[in-house]
Amino acid sequence: MNLKECYISFGGDYDEVLGRLRREQTVQKFVYKFLDDKSFFQFEASMKSRGYEEALRAVHTLKGICQNLSFSRLYESSSLVTNALKENDYDKAIEMMPQLSEDYHQIIHSVEEYKNSKEE
Amino acid sequence: MKIRKKRDPAMQFLIFSFIGVLLFSIVVFSVLGIYMSQKSKNAITEIGEIYMSGMNQQISGHFDTVIGLRFDQVKGIISVVPTDNTDREQLYEELIYRAKVRGFDYLALCSEEGVFETLYGASIQPGNPAPFVEALAQGEQRVAVGVDSTGKEVVLFGIDASYPMRDGSKCTGLVAAVPLEYITDFLALQDENQLMYYHIIRPDGSFVIQNRNMELAGFFEQLQEQLQSESGNSLQGTLIEEFGSALKNHKKYSGTLEVDGEKRHICGISLPYSEWYLVAVMPYSVLDDTINRLSNQRMILTLLSCASILVILTLVFSRYFSITRSQMLELEEARQKAVESSKAKSEFLANMSHDIRTPMNAIVGMTAIATAHIDDQKQVQNCLRKITLSSKHLLGLINDVLDMSKIESGKLTLTTEQISLKEVVEGVVNIMQPQVKAKRQTFDIHVENILTENIWCDSVRLNQVLLNLLSNATKYTPEGGSIQLSLSEEKSPKGENYIRTHIKVKDNGIGMSPDFLKRIYESYSRADGVRVSKTQGTGLGMAITKYIVDAMEGSIDIKSEIDKGTEVSLTFDFEKAVVLEMDMVLPSWSMLVVDDDELLCRTAINTLKTIGINADWVLSGEKAIELVTQHHKKGDDYQIILLDWKLPGMNGIQVAKEIRRNLGDEMPILLISAYDYSEFEEEAREAGINGFISKPLFKSTLYHALRQYMDTQTENDQTLNSNIDLSGRRILLAEDNELNWEVASELLSDLGVELDWAEDGQICLDKFQKSSAGHYDAILMDIRMPHMTGYEATKAIRGINHPDALSIPIIAMSADAFSDDIQHCLECGMNAHIAKPIDVIELTRLLKRYLI
């Protein structure tokens, strides 16, 4: 499994990200870094404790990362949640959380798989 | 004149009947007044007569009682004193005593011969002894007036009695007397305060008792003469005669007598115990005064009531008259209107039949020609083209007429739909281009800050209005004139959901006279025939326009001056359409706009700013070339150039050629034009024009036209990128997410930039504040950060006391790339906005702009 296949598996735009970051090395570095990013967990925790302000910031950051790394699918779902929170439509945001979570874990799963295949 | 003739008989009738009523009421009231006063006079006279005869009766009764009483006393004397007393002296003493006791002042015996022997008091003698003595001799009781020896008037009461007289003979009667005052006092005959006064006369007319009021002396003298002569010819006519006969026959009499021009009422009655006659006189003046006062009052009241009735009558009449007159005027006005409208309609029909016939003839004629030359393809094509034109014209005419009849029957309704103002205006401009071109007129279109393009409106009708106004403008503007269409918007007073849109059509054509301006919305009117005899149309355009604008609840205002031009302003409050408007954001290119119209430049620059583009503008092609070259030398080329086709001096195509010659083919050059560009398209392409943008320059027009250059632009830049050197520059990057920070740092490190990380807005502010002057060259600012957002941080930085506080470039870097967000960034004091994902080329270009 190469990095492009990994991107395809979780719905990202590899060509685009490569166009911007130039080197596969760089892309890989950042994708690995994404595994350690806390934004998603901050978001989940804030939603649970109804800290919607904080949740918005976290999901917004997640959205920014997605843009930087061209995680198109996760960008979509995080964008929707961001908009819902901006409009104070919390029910809608909660409704969309499973999708966001799925997209997020798909990335994590794919990247880990890719990482493992590299290390082997 | 007709009106006057018509109105006159009615007026005459009204005036005559009014005068008639006036006269009639005056006559009726006067007759009534006179009749009433006559009646009351008669009534008063009757009352006076009744009153007087009653009074006379009463006085006569009174007289009867008084005289009767005295007679009884004298009888009493006779009854107590016997006549057969032989002692004469003793008898006389007895009589005197009795007489004194009974209050008589005189006592005498009367002999048959009429000799009076006074027994007591002064000697007395009746004024007219003969009838007195005669009556005594016949044994009657008689009263008479006489005088005593001192000349005092007395009243004598004589009763038959046979006392012996001094000479021994028997007397015929005893006569006792009292002073005359006795009667007058008793009868109150001399009271001056009385309404009436009295005389007592004898049958011969001489006075027994005469009142001090002697105004009737003449009358009584005449009466005496009449009675003496017995002839019956008299001055007072029958009155004295009647009175005389009544007097003789001792009858009652009542009548009126005029003395010294004043009427008097006379009433006579005979008195008992004597031949006397009581005459009561009442001056009429007393009655007359009362009656006159009464009748005067009645007259005044009558006149007053007459006057008041007349006044009311006049008021009613004049009111009725004015109502009638205004009704007649209205009627006349309505008639005039109807006549005018029917005249306008027949005129219109005459015009229309001509107007319809012209294209119809063309169609028929051209069809014939085409048939004749059916093999000549060119000729047929030409004919068909002309037929198409004529049919279109004909269709236009018929549509107008149909619209007008719909409007007149109230059937024109609006079909409100969601439309794009841009599409409507573009469509209108497209349709107008051939007409404008045919007359070689300049056509400027200004779209000022129209942010709301999607609205609820009837696009067909709006189209119709705009087309009508614009075609009027071209129609009435001579060749080479200029026509301007401007659009702008402002907040609507109708509320948040509405937008007020102003549309202005301006020309410098022949204009209209103020008189015509007044009738401009009338159906079937057309600007004066002499100046525009060639112009064709139904004359319904403005009436339809006005109606549609009214139906859309808009307003239309026309300013016009002969030979100066016309300006039509439309104002509508359109409901905003709730479409999720596409977020129109383009990379922050630098652009150059070239147009000789400064207003257009400014509005275009503003519109470009809202989609994230920074642009410069110049007014002429020469300046544009200069500026482009200048920027090229600095290594900061414009990325896109917008060129107006029509420019003073060099036109757009020439400018493009020049730029291409100097700088090569890299940067896109777009031609903006309000005209149909198909004609010069080839020439323009050859000159190196990449594309065309049609005016009006709406936001979406610009966005869609420019978007296609986004990709080529990026590619172009990538090749340019390598020679950019930003080494040694120090940039402060505020970003709360480590990953994002690393991405940015990774990207920027390639450029040789030294990056400093601030984890949030607060840290960024602190770091900047602590830095020495010129330490940082720029700040990249994320927006959503904990503790302090990018907006707040920027505001704070711009506000602190630091030499670079105002000058340091701050570039927003955010995942939010809506135009609202960009606007907000600029408002907070940031210089530019770059959307995530961070595009290194884009970022480099921006940095280059601010750092070099």
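Residues numbered from 1 in each chain as written. Chains lettered and ligands numbered in written order. Predicted model: local features only at pLDDT ≥ 70, side-chain atom pairs only at ≥ 80, totals over all residues. Heavy atoms only, no water.

1. Describing the overall build of chain A
- Along chain A, the regular secondary structure elements total seven helices and zero strands.
- The order of helices and strands in chain A, counted from the N terminus, is α-α-α-α-α-α-α.
- For chain A, with 120 residues in total, the buried portion stands at 51%.
- For chain A, contacts bridging at least 24 residues in sequence account for 66% of all contacts bridging at least 6.
- Total accessible area on chain A is roughly 5,900 Å²; 47% of this is exposed by carbon and sulfur atoms. (Helix = DSSP H or I, 4+ residues; strand = E, 2+ residues; numbered from the N terminus. Buried < 20%, exposed > 50% of the residue type's maximum accessible area, 1.4 Å probe, protein only. Contact = heavy atoms within 4.5 Å. Areas by Shrake-Rupley, 256 points an atom, 1.4 Å probe, with all protein chains shown as cover.)

2. What about the interface of chain B and chain A?
- Each partner contributes to the interface: chain B provides 24 residues, whereas chain A provides 24 residues.
- Summed over both sides, the interface between chain B and chain A buries roughly 2,200 Å², with carbon and sulfur atoms accounting for 51% of that surface.
- Considering only the side of chain B, the residues that lose the most area to chain A are Leu739, Glu746 and Arg784 of chain B, jointly responsible for 29% of the buried surface there.
- For the pair chain B and chain A, the number of links is three salt bridges.
- Linking Glu742 of chain B and Lys33 of chain A is a salt bridge whose minimum nitrogen-to-oxygen distance equals 2.2 Å. (Buried area = accessible area lost by both parts, 1.4 Å probe. Salt bridge = Lys/Arg side-chain N within 4 Å of Asp/Glu carboxyl O.)

3. Examining unusual backbone geometry
- At Arg50 of chain A, a residue that is not glycine, the phi angle is positive and equals roughly 60°.
- Its identity as a non-glycine residue notwithstanding, Glu553 of chain B has a phi of 60°, on the positive side.
- Along the chain, Glu553 of chain B turns up in the loop between helix H12 (541–551) and strand S17 (555–561).

4. Describing the pattern of salt bridges
- Summed over the entire model, instances satisfying the criterion amount to 20 salt bridges over all chains.
- One salt bridge in this structure joins Lys564 of chain B and Glu561 of chain B, with 3.1 Å as the shortest N-O distance.
- Look at Lys564 of chain B and you get exposed, because its relative accessible area is 56%.
- Overall, Glu561 of chain B belongs to the partly exposed group, its relative accessible area being 44%.
- For Glu658 of chain B, the salt bridge identified is with Arg661 of chain B, shortest N-O distance 2.5 Å. Of this pair, Glu658 of chain B and Arg661 of chain B both sit in helix H15 (residues 652–663), three residues apart, which is roughly one turn of that helix.
- When salt bridges with common partners are traced through the structure, they connect Lys33 of chain A together with Glu738 and Glu742 of chain B into a single cluster.

5. Some thoughts on the sheet that holds strand S4 (residues 142–148) of chain B
Residues and elements named next belong to chain B.
- If you walk across this open sheet you meet the six strands as S2-S1-S6-S5-S4-S3, and the pairing is antiparallel. Taken across any chain shown, the strands that pair with only one partner, and hence form the sheet edges, are strand S2 (116–120) and strand S3 (124–126). Each strand of the sheet is rotated relative to its neighbour by a mean of 35°, with strand direction disregarded.
- Here S4 pairs with strand S5 (residues 153–160) via six bridges, running antiparallel. By the bridge assignment, Val143 is partnered in S5 with Phe157.
- Running at roughly 70° to S2, helix H2 (residues 88–101) makes contact with strand S1 (106–110), S2 and strand S6 (173–179) of the sheet.
- Against the sheet, helix H3 (residues 129–137) makes contact with S1, S2, S3, S4, S5 and S6, and its axis sits at roughly 25° relative to S5, the strand it touches most. (Pairing = 2+ DSSP bridges. Axes fitted to C-alpha atoms, helices over the stretch in contact; angles between N-to-C directions.)

6. Some details on helix H21 (residues 790–799) of chain B
Residue and element names in this part refer to chain B.
- Of the residues making up H21, those classed as buried are Gly790, Tyr791, Ala793, Thr794, Ile797 and Arg798. Along H21, the residues classed as buried sweep out an arc of 165° about the axis, all on the same side. The exposed set on the far side of H21, more than 90 degrees from its buried face, consists of Lys795 and Gly799. (Arc of directions from axis to C-beta.)

7. So, the packing of aromatic side chains
- A complete count under the given rule lists 20 aromatic pairs over all chains for this structure.
- On the numbers, 3.8 Å between centres and 10° between planes, the contact of Tyr52 of chain A with Tyr90 of chain A is stacked. Separated by 38 residues along the polypeptide, Tyr52 of chain A in helix H5 (residues 52–69) and Tyr90 of chain A in helix H7 (residues 90–119) bring together distant segments of the chain.
- Judged by its relative accessible area of 15%, Tyr52 of chain A is buried.
- One aromatic cluster is present, built from ring pairs that chain together Tyr7, Phe10, Tyr14, Phe34, Phe40, Phe41, Phe43, Phe71 and Tyr104 of chain A.
- Above the ring of Tyr32 of chain A, the side-chain terminus of Lys115 of chain A is found at 5.3 Å from the ring centroid.
- Over the aromatic face of Phe104 of chain B sits the side chain of Arg70 of chain B, whose NZ or CZ is 4.9 Å from the ring centroid. (Phe/Tyr/Trp six-rings, centres within 6.5 Å; stacked < 30°, edge-to-face > 60°. Lys NZ or Arg CZ within 6 Å of the ring centre and 35° of its normal.)

8. Focus on the environment of Pro434 of chain B
- Tracing the chain through its elements places Pro434 of chain B in helix H9 (residues 421–438).
- Residues Pro434 of chain B and Tyr675 of chain B, 241 residues apart in the sequence, show an inter-C-alpha distance of 8.2 Å.

9. Thoughts on the sheet that holds strand S24 (residues 730–734) of chain B
Residue and element names in this part refer to chain B.
- Read from one edge of the open sheet, five strands run S25-S24-S26-S27-S28, paired in parallel fashion. At either end of the open sheet lies a strand with only one pairing partner, and these are strand S25 (754–758) and strand S28 (832–835). Pairwise comparison of adjacent strand axes, ignoring direction, gives a mean angle of 25° for this sheet.
- Bridging between S24 and strand S26 (residues 778–782) involves four bridges; their strand directions are parallel. Opposite Leu733, over in S26, you have Leu780 as the bridge partner.
- Against the sheet, H21 contacts S26 and strand S27 (810–814), and its axis sits at roughly 150° relative to S26.
- With respect to the sheet, helix H23 (residues 840–851) is in contact with S24, S26, S27 and S28, its orientation differing from that of S28 by roughly 165°.

10. Here's the deal with a nonpolar patch on the surface
Residues and elements named next belong to chain B.
- A contiguous nonpolar surface patch, about 470 Å² in accessible area, is contributed by Ile15, Phe16, Ile19, Leu23 and Ile26.
- By the element assignment, Phe16 lies in helix H1 (residues 2–80).
- Judged by its relative accessible area of 57%, Phe16 is exposed. (Patch = residues over 30% accessible without salt bridge, like charges linked within 9 Å, V, L, I, M, F, W, Y side chains within 5 Å.)

11. Observations regarding the environment of Glu490 of chain B
Residue and element names in this part refer to chain B.
- Along the chain, Glu490 turns up in strand S15 (residues 482–491).
- A relative accessible area of 38% places Glu490 in the partly exposed class.
- Considering only alpha carbons, one finds Glu490 and Asp573, 83 residues apart in sequence, at a separation of 9.6 Å.
- Apart from residues no more than four positions distant in its own chain, Glu490 is found in contact with Ile499, Arg500 and His502.
- Side-chain polar atoms of Glu490 contact the side chain of His502, separated by 2.7 Å. (Polar contact = N/O pair within 3.5 Å; in protein donor to acceptor, adjacent residues only side chain to side chain.)

12. Looking at the side chain of Thr566 of chain B
- Structurally, the position occupied by Thr566 of chain B is in strand S18 (residues 565–576).
- Once residues within four sequence positions are removed from consideration, Thr566 of chain B is found in contact with Val505, Lys506, Asp507, Gly511, Met512, Ile558, Lys559 and Ser560 of chain B.

13. So, the confidence of the model for chain B
Residues and elements named next belong to chain B.
- The pLDDT averaged across chain B works out to 80; a share of 91% of its residues lies at or above 70.
- Averaged pLDDT values over the elements of chain B bottom out at 51 in helix H18 (residues 709–721) and peak at 91 in strand S16 (residues 498–507).
- In this model, residues 231–235 is a region of pLDDT below 50 whose contacts with residues beyond four sequence positions or in other chains number six contacts.
- Note that residues 530–534 has pLDDT below 50 and, in this model, seven contacts with residues that lie over four places away or in other chains.
- Overall fold confidence for the complex sits at a pTM of 0.40, while the interface term, ipTM, reaches 0.83. (pLDDT = per-residue confidence, 0-100.)

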